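A closer look at the structure
Take a look at the letters that make up each chain.
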Amino acid sequence: IFMIIPQYIVLYFVGIAASVVLFLAWFSVLFTGKWPEGMRRFCIGYYRWSTRVQAYFFLITDVYPPFSLDA
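Read on for a plain summary of the structure.

Definitions and cut-offs
- Residues numbered from 1 in each chain as written.
- Predicted model: local features only at pLDDT ≥ 70, side-chain atom pairs only at ≥ 80, totals over all residues.
- Heavy atoms only, no water.
- Salt bridge = Lys/Arg side-chain N within 4 Å of Asp/Glu carboxyl O.
- Helix = DSSP H or I, 4+ residues; strand = E, 2+ residues; numbered from the N terminus.
- Buried < 20%, exposed > 50% of the residue type's maximum accessible area, 1.4 Å probe, protein only.
- Core = buried A, V, L, I, M, F, W, Y, C linked by side-chain atoms within 4.5 Å.
- Contact = heavy atoms within 4.5 Å.
- Expected span 1.5 Å × (residues − 1).

Describing the pattern of salt bridges
- Counted by the stated rule, this structure contains one salt bridge.
- Between arginine 40 and glutamate 37 there is a salt bridge, and its shortest N-O distance comes to 3.2 Å. Highlighted residues: arginine 40 and glutamate 37, both in helix H2 (residues 37-57), separated by three residues, approximately one helical turn.
- Taking relative accessible area as the criterion, arginine 40 reaches 35% and is therefore assigned partly exposed.
- With relative accessibility at 43%, the residue glutamate 37 sits in the partly exposed group.

Below, the structure is given as structure tokens:
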């Protein structure tokens, strides 16, 4: 359980950034009709990372999640 604390600390700050990106992407989609690819990849990477950390925390997997937005 103690090994997950650094993941949660980093994910907290990345989550704040993801919230800002989602807010800005909403305006981009509203005015242009397209979601910018970089913003989309960042948000998807954040949610993937968060899901991997949750799976490790709830003992669904034994693989320690990497500090990465990539799969």
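Now that the structure has been shown, the text picks up again.
Let's talk about unusual backbone geometry
- One non-glycine residue, leucine 59, lies in positive phi territory at about 60°.
- Tracing the sequence through the fold places leucine 59 in the segment after H2.

Considering the nonpolar core
- Core analysis: the largest hydrophobic core is formed by eight residues, namely Ile4, Leu11, Val14, Ala18, Tyr46, Trp49, Val53 and Tyr56.
- The leading source of residues in this core is H2, at four residues.
- If sequence neighbours within four positions are ignored, tyrosine 56 has contacts with Met3, Ile4, Thr61, Asp62, Val63, Tyr64 and Pro65.

Brief notes about helix H1 (residues 5-32)
- Along its 28 residues, H1 runs 39 Å from first to last C-alpha, staying within 8% of the 40 Å computed at 1.5 Å per residue.
- For H1, every residue scored as buried is listed here: Gln7, Leu11, Val14, Gly15, Ala18, Val21, Ala25 and Ser28.
- Lining the buried residues of H1 we find H2.

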